[in-house]
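Survey of secondary and tertiary structure
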Amino acid sequence: MTEQTTIHPQDPAIPKQDAFILELQRLLACYQLATEDDRRIVWSALNKYVDKII
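Residues numbered from 1 in each chain as written. Predicted model: local features only at pLDDT ≥ 70, side-chain atom pairs only at ≥ 80, totals over all residues. Heavy atoms only, no water.

Let's talk about the pattern of salt bridges
- This structure, assessed with the given rule, holds one salt bridge.
- The closest approach of N and O atoms between D37 and R40, which form a salt bridge, is 2.4 Å. With D37 and R40 both in helix 2 (residues 36–47) and three residues apart, this pair spans about one turn of that helix.
- Residue D37 is classed as partly exposed on the basis of its relative accessible area of 48%. (Salt bridge = Lys/Arg side-chain N within 4 Å of Asp/Glu carboxyl O. Helix = DSSP H or I, 4+ residues; strand = E, 2+ residues; numbered from the N terminus. Buried < 20%, exposed > 50% of the residue type's maximum accessible area, 1.4 Å probe, protein only.)

Here you go:
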């Protein structure tokens, strides 16, 4: 049986400023828990938008 992991992001000191940081923490935590196949899917989706940020 697989043990369930609970992620608790850091509480923001300045909500508007830290909302982006919380979003990144959640994305990173989910990515770290993902299987190799799911990680490949995530990278595939992110690569779709790379030309918009570089």
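What to know about a nonpolar patch on the surface
- A cluster of nonpolar side chains, contributed by F20, L24 and L27, occupies part of the molecular surface with about 320 Å² of accessible area.
- Examined against the element boundaries, L24 turns out to sit in helix 1 (residues 15–33). (Patch = residues over 30% accessible without salt bridge, like charges linked within 9 Å, V, L, I, M, F, W, Y side chains within 5 Å. Areas by Shrake-Rupley, 256 points an atom, 1.4 Å probe, with all protein chains shown as cover.)

Thoughts on the packing of aromatic side chains
- Evaluated as defined, the whole model comprises one aromatic pair.
- Between the aromatic rings of Y31 and W43, the centroid separation amounts to 6.4 Å while the plane-to-plane angle is 90°, which identifies the pairing as edge-to-face. Highlighted residues: Y31 in helix 1 and W43 in helix 2, separated in sequence by 12 residues.
- According to the relative accessible area criterion, W43 is partly exposed, its value standing at 46%. (Phe/Tyr/Trp six-rings, centres within 6.5 Å; stacked < 30°, edge-to-face > 60°.)

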